[in-house]
Amino acid sequence: MDAEVRRAIQARLGVAIDAARRLGGGDINDAFALELADGRWVFAKCNARSPRDMFPAEARGLRWLAQARALAVPEVIAVSEPGQPAFLVLEFVDPGARVRDFEERLGRGLAALHRSGAPSFGLEHDNFIGSLPQSNEPAGDWPSFYAERRLLPLVGKALEGGRLSPATARRFDRLVARLPDLAGASEPPARLHGDLWGGNLHATDTGEPALIDPAVYGGSREIDLAMMRLFGGFGARVFDAYAEAYPLAAGHAERVPLYQLYPLLVHVNLFGGGYARSVEDALLHYV
């Protein structure tokens, strides 16, 4: 661990770090398990190149999820302040063997998280999905929010970077015009994790499902569920338990590709490659 980051964390925690063990698995940040002089273990991530507000936004997102008391999330212990190297210190989640009904608990817990709701379509602060800025400026309805805060900004960024063709961008213009009819029944804004792929699902030391690395906002609950189906890692029982606890609106299966477009556009902008073709395939369902 960088010596300056180490000193900043020790100053914020008021306790010395006895040992730092690098952890793998992060694409963006450096991650460490820290043993503190008082005997505690904590998790820390840092990134000298991160935007100043990235870790504070993540800390606020974790606390917002925790307020629902629906699923476990790591406790926020400390986050860097202006003028310090960028870091976030969390409760260390030492994974245990999953409980027998792990998938059912996850499905029901996610339903409870979504039901806990949000004040608007959006949020009072912006945040990030991966390393990409994510605008959460509220909108009056879900189709407007999905078009103006999610799809169109990333289409524009990908077009500017040469990662989407002008023809594909024009198809998004046609899709956006149809969104009020395509987006599904009107529902109150759900409290979303916002980046719910299998890598952001963990088990606690007691085997309970836990969520990490959120990109939170208020939106359609179907977008979390669609992303869960995009990259795998979630069994059928998760979705069945969710639907039993919080039945989905008619036509939700037909909207899965619609709500996979946002995470696919994120991947187009971050990684390029074949994700543009996946975007084009998803669009075929609607335009």
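As a starting point, this report considers the structure included with it.

So, how was this worked out
- Residues take numbers from 1 onward in each chain, read along the sequence in its written order.
- In view of the model being predicted, local features appear only for residues whose pLDDT reaches at least 70, and side-chain atom pairs are presented and counted only at 80 or more, with totals across whole chains, interfaces and linings using the full set of residues.
- Where side-chain values are given, they derive from all heavy atoms of the structure, hydrogens and water being excluded.
- To pair, rings of Phe, Tyr and Trp, with the six-membered ring standing in for Trp, must have centres within 6.5 Å; the planes then decide the type, stacked if under 30 degrees apart, edge-to-face if over 60, and tilted in the middle.
- Our definition puts a charge over a ring when NZ of Lys or CZ of Arg is within 6 Å of the ring centre and also within 35 degrees of the ring normal.
- Joining through side-chain atoms within 4.5 Å is the link that ties buried Ala, Val, Leu, Ile, Met, Phe, Trp, Tyr and Cys residues into a set, and such a set is a nonpolar core.
- Only protein chains enter the accessibility calculation, which uses a 1.4 Å probe. A residue is then buried if its area is under 20% of the maximum for its type, exposed if over 50%, and partly exposed in between.
- Strands are runs of DSSP state E lasting at least two residues, helices are runs of H or I lasting at least four, and both sets are numbered from the N terminus onward.
- Directions from the helix axis toward the C-beta atoms define the arc.
- Working rule for contacts: check all heavy atoms of both residues, and any pair within 4.5 Å makes them a contact.
- We call two N or O atoms a polar contact when they sit within 3.5 Å, provided that within protein one can donate a hydrogen and the other can accept it, with sequence-adjacent residues counted only if both atoms are side-chain atoms.
- The distinction between a cavity and a pocket rests on a 1 Å grid over the protein atoms alone: a 1.4 Å probe fits inside a cavity but cannot get out, while a pocket stays open yet meets protein on both sides within 12 Å along at least five of seven lines, and a residue with an atom within 4 Å of a point counts as lining.
- Grid points are joined across faces, edges and corners, and a volume is the space filled by probe spheres set on the points.
- Each residue receives one of three labels: charged for Asp, Glu, Lys and Arg, nonpolar for Ala, Val, Leu, Ile, Met, Phe, Trp, Tyr, Cys and Pro, and polar for the others, Gly being one of them.
- One speaks of a salt bridge when a side-chain nitrogen belonging to Lys or Arg is within 4 Å of a carboxyl oxygen belonging to Asp or Glu.
- Between N-to-C directions, angles span 0 to 180 degrees; the directions come from axes that are lines fitted to C-alpha atoms, helices contributing only their stretch in contact.
- Roughly parallel means an angle under 35 degrees; roughly antiparallel, over 145; roughly perpendicular, 65 to 115; everything else is oblique.
- When the near helix sits turned anticlockwise from the far one by under a right angle, the crossing is termed left-handed; a clockwise turn instead gives a right-handed crossing.

Describing the packing of aromatic side chains
A complete count under the given rule lists seven aromatic pairs for this structure. The structure contains a cluster of three or more aromatic residues connected by ring pairs, namely F121, W142, F145, Y146, Y217 and Y259. If you follow R221 out to its NZ or CZ, it ends over the ring of Y246, 3.5 Å from the centre.

A short note on the nonpolar core
Core analysis: the biggest nonpolar cluster contains 39 residues, and Y146, F172 and L261 have the highest contact counts within it. At the level of secondary structure, the elements contributing two or more residues to this core comprise α4 (142-160), α5 (166-182), β8 (190-192), α6 (221-230), α8 (256-271) and α9 (275-283). Looking at this core, the element that brings in the most residues is α8, giving nine residues. Core analysis: the next-biggest nonpolar cluster, separate from the first, contains 35 residues, M54, F55, F239 and Y246 among them.

So, helix α1 (residues 3-13)
Residues separated by three or four positions in an α-helix point in the same direction, a consequence of the helix having 3.6 residues per turn. For α1, every residue scored as buried is listed here: V5, A8, I9 and L13. The arc enclosing the buried residues of α1, seen along the axis, measures out at 125°, which places them on a common side. Opposite the buried face of α1, by more than 90 degrees, sit the exposed residues R7 and A11. Of the surrounding elements, those touching the buried residues of α1 are β1 (17-23), β2 (30-36), β3 (41-46), β4 (76-79) and β5 (87-91). Of the residues flanking the end of α1, it is G14, one or two places downstream, whose phi is positive at about 70°.

Considerations on the side chain of N47
Along the polypeptide, N47 turns up in the loop between β3 and α2 (54-67). Among the polar contacts made by the side chain of N47, one reaches the side chain of N29 at a distance of 3.1 Å. One polar contact links the side chain of N47 to the main-chain amide nitrogen of R49, over a distance of 2.8 Å. Residues within four places of N47 in sequence aside, it is in contact with I28, N29, F55 and A86.

Regarding the layout of surface pockets
Roughly 210 Å³ of internal volume is contained in the second largest pocket. Surrounding the second largest pocket, 15 residues form its lining, W142, G184, A185, S186 and E187 being those nearest its centre. Its residues placed into classes, the lining of the second largest pocket shows eight nonpolar, three polar and four charged.

Describing empty space enclosed by the protein
The full count for this structure, using the stated rule, is two cavities of 30 Å³ or more. Size it by volume and the largest cavity reaches roughly 40 Å³. Contributions of two or more residues to the lining of the largest cavity are made by α6 and α8. The dominant element in the lining of the largest cavity, judged by the number of residues it contributes, is α6, at three residues. Taken together, the residues of the lining of the largest cavity break down into six nonpolar, one polar and one charged.

What about unusual backbone geometry?
The phi torsion at R69 lies on the positive side, around 55°, for a residue other than glycine. Within the fold, R69 resides in the loop between α2 and β4.

Thoughts on the pattern of salt bridges
Throughout the structure, instances matching the rule amount to 17 salt bridges. With its nearest N and O atoms 2.8 Å apart, the salt bridge here joins R105 to D101. Using a relative accessible area of 21% as the deciding quantity, one classes D101 as partly exposed. With a shortest N-O distance of 3.0 Å, R237 and E244 are connected by a salt bridge. Here R237 falls in the partly exposed class, since its relative accessible area comes to 29%. What makes E244 partly exposed here is its relative accessible area of 47%. Connected through shared salt-bridge partners, E104, R108, R237 and E244 make up one network.

As for the packing of helix α3 (residues 102-115) against helix α7 (residues 236-245)
Their axes nearest at 7 Å, the elements α3 and α7 cross at an angle of 45°. Between α3 and α7, the angle falls in the class oblique. Handedness of the crossing formed by α3 with α7: right-handed. Contacts between α3 and α7 pair E103, E104, L106, G107, R108, L110, A111, H114 and R115 from the former with A236, R237, V238, A241, Y242, E244 and A245 from the latter. Partitioned by chemical class, the residues of the contact of α3 with α7 number eight nonpolar, two polar and six charged.

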